[in-house]
Amino acid sequence: MGLDETQGYLRAALGGAETARGDLLEHLRPRLVLWAAGRLSAALRAQVEPEDVAQDILLAVHKDFAGFQGEDTCAFFKWFFTVAENRIRDLADHYGALKRQLPPPLSFSQTSPSNAAARGEQVTRMMAAIARLPEDHRQVIVLRKIEERPGDEVAMILGRSENAVGILLCRALKQLSEALRAENLVGSEGSAPRPPS
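So, a few notes on the structure that sits alongside this text. Every chain's residues receive numbers from 1 upward, in the order its sequence appears when written. Totals for whole chains, interfaces and linings use all residues, but because this is a predicted model, local features are given only for residues with pLDDT of at least 70 and pairs of side-chain atoms are given and counted only at 80 or more. Side-chain calculation: all heavy atoms of the structure are included, whereas hydrogens and water are not.

## Things to note about the overall build of the protein
Using the following cut-off: A run of DSSP states H or I qualifies as a helix once it reaches four residues; a run of E qualifies as a strand once it reaches two. Both are numbered from the N-terminal end. The buried label applies to any residue whose accessible area, calculated with a 1.4 Å probe on protein chains only, is under 20% of its type's maximum; exposed applies above 50%, and partly exposed to all values in between. Any pair of residues with heavy atoms lying within 4.5 Å of one another is described as a contacting pair. Computed with a 1.4 Å probe, the accessible areas rest on the Shrake-Rupley method; for each residue, only the protein chains presented here act as cover.
Each helix and strand in the protein was counted, giving 9 helices and 0 strands. Here the protein, with 197 residues, has 39% of them falling under the buried criterion. Considering only intrachain contacts with a sequence separation of at least 6, the fraction spanning at least 24 residues in the protein is 65%. Counting only carbon and sulfur atoms, one obtains 51% of the accessible surface of the protein, whose full area is about 10,800 Å².

So this is what it looks like as structure tokens:
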């Protein structure tokens, strides 16, 4: 799920290819599920699953896609995660006030129940491993690897130099890999979750 690959999907979607927008959103779905799992409060997590929240966000992004003004992935991710934050805020408001329930999820692809369950299990394992990391390690992984914010922006958010952020990210990913390996979550079969790359 690299930046170059995302740029290719984004270019095709901006070019208006028939299925390109759906392909872009499906490409971003695993990253978004992981991001949503880390963003949901305990109260909201009791009401909705990260997969459902991600679906709701993808639907909002799909509807608002014409409103995106930009051409590069940095601008796109900033816009994408702003839409995502707004949707989570809306969901929290609605559930908190008990005014409405989350609409049934719509799918951009034919994800089988078994694939959805496997992805959900991987997200749960990955989030548990990330949750055990120190706070600064969690923050740098979310900001750099899940939200793909530029290094200078992350440095400003964390109050560190770009070089210090790079070192912190390396240490955080190493610690996450070791934690997953220690729990036998990283297997040779490739079925276990991998740290965000």
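## Re the packing of aromatic side chains
Worth spelling out the cut-off: To pair, rings of Phe, Tyr and Trp, with the six-membered ring standing in for Trp, must have centres within 6.5 Å; the planes then decide the type, stacked if under 30 degrees apart, edge-to-face if over 60, and tilted in the middle.
Tallied over the full model, the rule gives 10 aromatic pairs. Ring plane angle 35° and centroid distance 5.6 Å describe the contact between Phe76 and Phe80, whose orientation is recorded as tilted. Of this pair, Phe76 and Phe80 both sit in helix α5 (residues 73–97), 4 residues apart, which is roughly one turn of that helix. For the pair formed by Phe76 and Phe80, the shared burial category is buried. Taken together through their ring pairs, the aromatic side chains of Trp35, Phe65, Phe68, Phe76, Phe77, Trp79, Phe80 and Phe81 make up a single cluster.

## A short note on helix α2 (residues 20–39)
Basically, it comes down to this: Each residue after the first adds 1.5 Å to the expected span of a helix. One fitted axis covers the seven residues ending at a residue, a second covers the seven starting there, and the bend at that residue is the angle between these axes.
Over its 20 residues, α2 extends 27 Å from the first C-alpha to the last, a length consistent with the 28 Å expected when each residue adds 1.5 Å. Along α2, the helix axis deviates most sharply at Arg29, where the bend reaches about 45°; the proline Pro30 sits within four residues downstream.

## What to know about the nonpolar core
Let me state the cut-off plainly: Here the nonpolar core consists of buried residues drawn from Ala, Val, Leu, Ile, Met, Phe, Trp, Tyr and Cys, with membership extended through side-chain atoms lying within 4.5 Å.
Leu32, Trp35, Phe76, Phe80, Val140 and Ile141 are the most contacted members of the largest nonpolar core, which totals 53 residues. Going through the elements one at a time, α1 (3–14), α2, α4 (50–64), α5, α6 (113–131), α7 (135–146), α8 (151–158) and α9 (162–182) are the ones with two or more residues in this core. Setting aside its immediate chain neighbours within four residues, Trp35 contacts Ile57, Phe81, Ala84, Glu85, Ile88, Val142, Ile146 and Glu147.

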